[in-house]
Amino acid sequence: MRRGIARIVGSSAATVTLREAIRLYAVVDGTVLIEGETGVGKELVARAVHEESRRSAGGFSSVDCGAL
């Protein structure tokens, strides 16, 4: 099973930029807000950021804010 950035598949310029952003934000010691339309892969990106971070040994919780 793929983990972290390896979950993000593709070779377009946008995908390369996304992977670079994930690497950048994974080292941030704070909250990261990920926004986007339904179905664009926000949770996929959030999991990748978490799995690439030093907090990856801890838990990951996904929250559907629209359902709240």
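Above: the structure in question.
We now turn to the structure provided with this report. (Residues numbered from 1 in each chain as written. Predicted model: local features only at pLDDT ≥ 70, side-chain atom pairs only at ≥ 80, totals over all residues. Heavy atoms only, no water.)

## Comments concerning helix 2 (residues 42-52)
Quick note on the threshold: Partly exposed describes any residue whose relative accessible area lies between the buried limit of under 20% and the exposed limit of over 50%, with all areas from a 1.4 Å probe on protein chains only and scaled to the type maximum. Here a helix means four or more residues in a row that DSSP labels H or I, a strand means two or more in a row labelled E, and each is numbered from the N terminus. When checking whether two residues touch, look at their non-hydrogen atoms; a contact exists if any pair is within 4.5 Å.
Of the residues making up helix 2, those classed as buried are V45, A46, A48, V49, H50 and E51. Those residues of helix 2 that are buried lie in contact with helix 1 (13-26).

## A closer look at helix 1
Where we set the bar: Given the number of residues in a helix, its expected span is that number minus one, multiplied by 1.5 Å. Summarising the geometry, the arc corresponds to the directions from the helix axis toward the C-beta atoms.
With 14 residues, helix 1 should reach 20 Å at 1.5 Å per residue; the first-to-last C-alpha distance of 20 Å fits that figure. When we look at burial in helix 1, the residues that qualify are T15, R19, I22 and A26. Viewed end-on, helix 1 has its buried residues packed into an arc of 60°, placing them on one side of the element. Along helix 1, the residues that are exposed and aim more than 90 degrees away from the buried face are A13, A14 and L24.

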